[in-house]
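Residue-level structure breakdown
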Amino acid sequence: MNDVVNSSAGSTGTIQAAGVAIKDLRKSYGSNEVLKGISLDVAPGAVVCLIGPSGSGKSTLLRCVNLLEQPNQGTIHVGGFEATDPDVDIDKMRRKVGMVFQQFNLFPHLDAKRNCSIAQTKVLKRSQAEADKVSMHNLERVGLGHLADRFPDQLSGGQQQRVAIARALSMDPELMLFDEPTSALDPETVGDVLSVMRNLAKEGMTMLVVTHEMGFAREVADRVVFMDGGVVVEEGVAEQVISSPTQPRTKEFLRRVLDPTHIDIEE
Amino acid sequence: MAMTARQRARVSLYVQAGIFVVAIAALILATDWETIGNSVFNFGKIGPMFPGIFVTGLVNTLIYTFLGFIVGLSGGLLLALMKLSSFPLYRWIASGYIEFFRGIPALLVFIAFGYGVPLAFGVSWNITVIVMVSLGMVASAYIAETLRAGLQAVPKGQLEAARSLGMPQWRAMITIVIPQAFKIVLPPLTNEVILLTKDSSLIYVLGLTASQYELTKFGRDGISSLGAGLTPLLVAGAFYLVITIPLSFLARKFESRTARNNR
């Protein structure tokens, strides 16, 4: 994994990082309000981890940032874009925002390199040669240059997720969104994906990460946000929130996550 | 004497085989072989059908089917996308079209476009255009439903991933979703082609000149001119199998390939 840990700089040399500003965001499905007024700021180049029990709204919040979900109320600013402006050029904004999914969502009919190059040629109008170069650079960056001609079904889960990261990076994003990127992986491949993400953080990418990997959050995140029931319950410096949370709900959640075998007899 | 389950199954199998053999024997005994031989298997007199049935009949059937399929595929894709549209008017139009053309006999469509439309609009279409339009419009309705199912079978995450990379909806559909949907619908689509091949025979209701004959019309023509009874139709039928059996074989091959991997 040395090639992963030691890889450097983005496809255009340096990362231009964008910030995110979310204000009083609300989102409902019918009568079910899943986001009840979320405000959250991510400084350019910062890494923020969203943690919380399933159903707490953290994935929905992440998906609102690149408008895979349409918020009902509130504002989101991403770099120079106001995502919640009805007249925003969604496609132009999304080019700046890389998204990594829990289920990878690689294109099964294209090999790893084409997965990385297809949007470059079709959206950024790069030449195939230039797109291939950028794709190879990013595949090498995630340690998979030697598997560039493999199709997704010929790759392990961890390899597929790293290709998915390379695919997002190939668009030179200014912000990366990760939606539980390691939740669908075999335990032994989780480390490779996390080390790619750690590296990206070091290079100065702005990252918003929904995760259950507390070790990763503590080590890599600048800040951790704990969500429950559609609200931000607690947020702060990663080490502080994870090691000495102040809110009872945060304590309860972390106790369950960090010690899954613990059984609360009084419940 | 009580039988075990396995013995009972075996006896049941023997009984079924016995019924089958008796039925076949009865059919053979009941058949008037002399008449059949003269009117259906009268291969001595069909010489004049060749090579016309090849160079005209088979070729025209293939051309008509191909043209109908091209129109059907384009129309079907358009209808499928309309049916999946978020714009209700499109969905209603597509549903109405599909229900109508699936619900009426294809024969009526041929008559409508062969006689009705030229009369109503004072145009005269040549046979190729009439077949292309009639067959294509019927095929569109069937193919639309097949493609809609295929498009919906592509996981939602594929569209999300494509849109997240900044692709507009249409680009994501063309580059990512539709190619995957086509792989899924290849086997059922092959079946549509088989149905289309046979439906192309309906053109017989229109007045054809000899050079426009397709297989069925060729066979019917042979009935009246060769004095070999129904034998020419049997020959025409065999030629349909020459087209459809390889298609079925291809469909099965696609099916086993998509079952092996989804690439």
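Residues numbered from 1 in each chain as written. Chains lettered and ligands numbered in written order. Predicted model: local features only at pLDDT ≥ 70, side-chain atom pairs only at ≥ 80, totals over all residues. Heavy atoms only, no water.

1. Topic: the pattern of salt bridges
- Scanning all chains against the criterion turns up 18 salt bridges over all chains.
- Of the charged contacts in the structure, one is a salt bridge between Lys96(A) and Glu174(A), with a shortest N-O distance of 3.7 Å. Of this pair, Lys96(A) sits in the loop between helix 3 (90–94) and strand 6 (97–100) while Glu174(A) is found in the loop between helix 6 (157–169) and strand 7 (175–179), placing the two residues 78 residues apart along the sequence.
- Given the relative accessible area of 33%, Lys96(A) is considered partly exposed.
- Asp228(A) is the partner of Arg249(A) in a salt bridge, and the nearest nitrogen-oxygen pair spans 3.5 Å. Residue Arg249(A) is found in helix 10 (residues 248–258), and its partner Asp228(A) is found in strand 9 (residues 223–228); the two are separated by 21 residues along the sequence.
- The exposure class of Arg249(A) is partly exposed, given its relative accessible area of 43%.
- Via salt bridges that share partners, Arg63(A), Glu69(A), Lys156(B) and Glu160(B) belong to a single interconnected network. (Salt bridge = Lys/Arg side-chain N within 4 Å of Asp/Glu carboxyl O. Helix = DSSP H or I, 4+ residues; strand = E, 2+ residues; numbered from the N terminus. Buried < 20%, exposed > 50% of the residue type's maximum accessible area, 1.4 Å probe, protein only.)

2. Structural notes on the packing of helix 3 (residues 52–83) of chain B against helix 6 (residues 127–153) of chain B
Residues and elements named next belong to chain B.
- Where helix 3 meets helix 6, the axes come as close as 5 Å, and the angle between the chain directions of the two elements is 40°. Judged on the interaxial angle alone, helix 6 and helix 3 are oblique. Classified by chirality, the crossing of helix 6 by helix 3 is right-handed.
- Looking at the contact of helix 3 with helix 6, its residues break down into 19 nonpolar, eight polar and three charged. (Axes fitted to C-alpha atoms, helices over the stretch in contact; angles between N-to-C directions. Parallel < 35°, antiparallel > 145°, perpendicular 65-115°, else oblique. Left-handed = near helix turned anticlockwise from the far one by under 90°. Nonpolar A, V, L, I, M, F, W, Y, C, P; charged D, E, K, R; others polar.)

3. Concerning the environment of Ser201(B)
Residue and element names in this part refer to chain B.
- For serine 201, the position within the fold is in the loop between helix 8 (169–199) and helix 9 (215–226).
- In this structure serine 201 comes out as buried when scored by relative accessible area, which is 14%.
- When the C-alpha positions of serine 201 and phenylalanine 239 are compared, they lie 12 Å apart, and in sequence the two are 38 residues distant.

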